[in-house]
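# Structural overview
Spelled out, the chains give:
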Amino acid sequence: MSHSLGVRQAQKQKTRQAFLDAALGLLAEQSLSSLGLREVTRAVGVAPTAFYRHFHSTADLGVALVEEALGSLHPMISGTVATAGDSDERIDRAVALIARHVRAYPAHIRFIARERNGGVQQVRAAIAEQMDRFADEVRAELAKQAESDGWSDDDLLMLAGLYVDQMLMTASAFLEADPDDPDEEERVARVARRRMRLISIGRRNWLG
């Protein structure tokens, strides 16, 4: 009996992932608000009623995609900030890490960049919640650094938000870089490093 339950659960998870993968592929060329349930089920090869065994709506599917796209990044982003080394070294590592992630998961980055200000309120809220979590985790790491002596929690959270917003902007810029221009990715990286260093200079002089 337990074996049968395990098989059914594995199949259910496989079908759920198929819905996520199909939706992500369809969203390469359209927004979530224009995505039809029948489009997704047709891509998966199941009846429309099967969709409701896994999601309440396409908005619910979008929220699951947000978790898939951003949920696993929390240790990576806070770890980048926490890594030992001077500020420029941390910035260089952060920009390189973002570039690698965009190359590995372009569809996820495209989805988040488009839907952050898209027409589906539940998905906008899910992205905003994840971004707030990123900012709070980065704030906690920044608070451990000597440069943060004398900073209030509110100011550290503001600083963390600037870094997180810049990371997302950088990811979007890498995504839009022309793949046929070998120099364009380096131009994106150079601008990102300069912007993050500008934030760091402001940090060093904020309490001055």
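First, a word on what this report is: a plain description of the structure on this page. Along each chain, residue indices are assigned from 1 in the same order as the chain's sequence is written. The predicted origin of the model limits local features to residues at a pLDDT of at least 70 and limits the giving and counting of side-chain atom pairs to 80 or more, whereas totals for whole chains, interfaces and linings rest on all residues. Values shown for side chains rest on all heavy atoms present in the structure; no hydrogens or waters enter the calculation.

## Section: the overall build of the protein chain
Put simply, DSSP H or I for four residues or longer makes a helix, DSSP E for two residues or longer makes a strand, and each gets a number counted from the N terminus. Along the backbone of the protein chain there are 10 helices and zero strands. Along the chain direction, N to C, the helices and strands of the protein chain fall in the order α-α-α-α-α-α-α-α-α-α. Taken over the C-alpha atoms alone, the protein chain extends approximately 65 × 45 × 30 Å along its principal axes. Two residues qualify as a contact provided that any one of their heavy atoms is within 4.5 Å of a heavy atom in the partner residue. Here the analysis covers contacts within the protein chain between residues at least 6 apart in sequence; of these, 66% occur between residues at least 24 apart. When the accessible surface of the protein chain is summed, it comes to about 11500 Å², and 52% of that surface belongs to carbon and sulfur atoms. By the counting scheme adopted, Arg and Lys are positive, Glu and Asp are negative, and His together with the chain ends is not counted. For charged residues, the charge sits on one atom: NZ in Lys, CZ in Arg, CG in Asp, CD in Glu. Computing the positive centroid from 26 side-chain charges and the negative centroid from 30, the protein chain places the two 5 Å apart. For the accessible areas, the method is Shrake-Rupley and the probe is 1.4 Å, while residue cover comes only from the protein chains on display.

## Observations concerning the packing of aromatic side chains
Pairing of aromatic rings covers Phe, Tyr and the six-membered ring of Trp, with a centre-to-centre limit of 6.5 Å; geometry is then stacked below 30 degrees between planes, edge-to-face above 60, and tilted otherwise. Counting across every chain of the model gives five aromatic pairs. Judged by centre distance (6.2 Å) and plane angle (85°), the ring pair of F19 and F55 falls under edge-to-face. Note that F19 is positioned in helix α1 (residues 2–26) and F55 in the loop between α3 (48–51) and α4 (58–70), a separation of 36 residues in sequence. Taken as a pair, F19 and F55 share a single burial class, namely buried. Residues F51 and Y52 carry aromatic rings whose centres are separated by 5.6 Å and whose planes lie at 85° to one another, so their mutual orientation is edge-to-face. Of the aromatic side chains, those joined through ring pairs into one cluster are F19, F51, Y52 and F55. Throughout, exposure labels follow a simple rule: accessible area from a 1.4 Å probe, protein chains only, divided by the maximum for the residue type, with under 20% read as buried, over 50% as exposed, and the rest as partly exposed.

## Notes on the nonpolar core
Only buried Ala, Val, Leu, Ile, Met, Phe, Trp, Tyr and Cys residues count toward a nonpolar core, and they belong to the same one when joined by side-chain atoms within 4.5 Å. Counting residues in each nonpolar core, the largest one holds 55 residues, and the members touching the most others are L61, V66, F111, I112, L142 and F174. Looking at this core, the element that brings in the most residues is helix α9 (residues 153–176), giving 10 residues. Non-local contacts of V66, meaning those with residues more than four positions away in its chain, are made with G71, F111, I112, V123, A126, I127 and Q130.

## Focus on the packing of helix α7 (residues 106–115) against α9
Axis separation between α7 and α9 bottoms out at 10 Å; the angle between their running directions is 120°. With respect to each other, α7 and α9 are oriented oblique. Note that α7 runs across α9; the crossing there is left-handed. Packed against α7, whose contacting residues are P106, I109, R110, I112 and A113, the element α9 presents L168, A171, S172 and L175 at the interface. Each residue belonging to the contact of α7 with α9 can be placed in one class, and the counts come to seven nonpolar, one polar and one charged. Between N-to-C directions, angles cover 0 to 180 degrees, with each direction set by a line fitted to C-alpha atoms, over the stretch in contact for helices. Should an angle fall under 35 degrees it is taken as roughly parallel, and over 145 as roughly antiparallel, whereas 65 to 115 is taken as roughly perpendicular and any remaining angle as oblique. Each crossing is labelled by how the near helix is turned from the far one, with a counterclockwise turn of less than a right angle marking it left-handed and a clockwise turn marking it right-handed. All amino acids are sorted into three groups, where Ala, Val, Leu, Ile, Met, Phe, Trp, Tyr, Cys and Pro are nonpolar, Asp, Glu, Lys and Arg are charged, and the leftover types, Gly among them, are polar.

## Thoughts on the packing of α4 against helix α8 (residues 121–143)
In contact at an axis separation of 8 Å, α4 and α8 are set at 20° when each is read in the N-to-C sense. Between α4 and α8, the crossing angle belongs to the class labelled roughly parallel. As α4 runs across α8, the sense of the crossing is right-handed. Every residue of α8 that contacts α4 at A59, G62, V63, V66, E67 and L70 is listed here: Q122, V123, A126, I127, Q130 and F134. Among the residues forming the contact of α4 with α8, the class breakdown is eight nonpolar, three polar and one charged.

## Re the environment of R204
Along the chain, the position of R204 falls in helix α10 (residues 184–205). Residue class for R204 comes out exposed when judged on its relative accessible area of 55%. Sequence separation between R204 and S148 is 56 residues, and the spatial gap between their C-alpha atoms is 8.8 Å.

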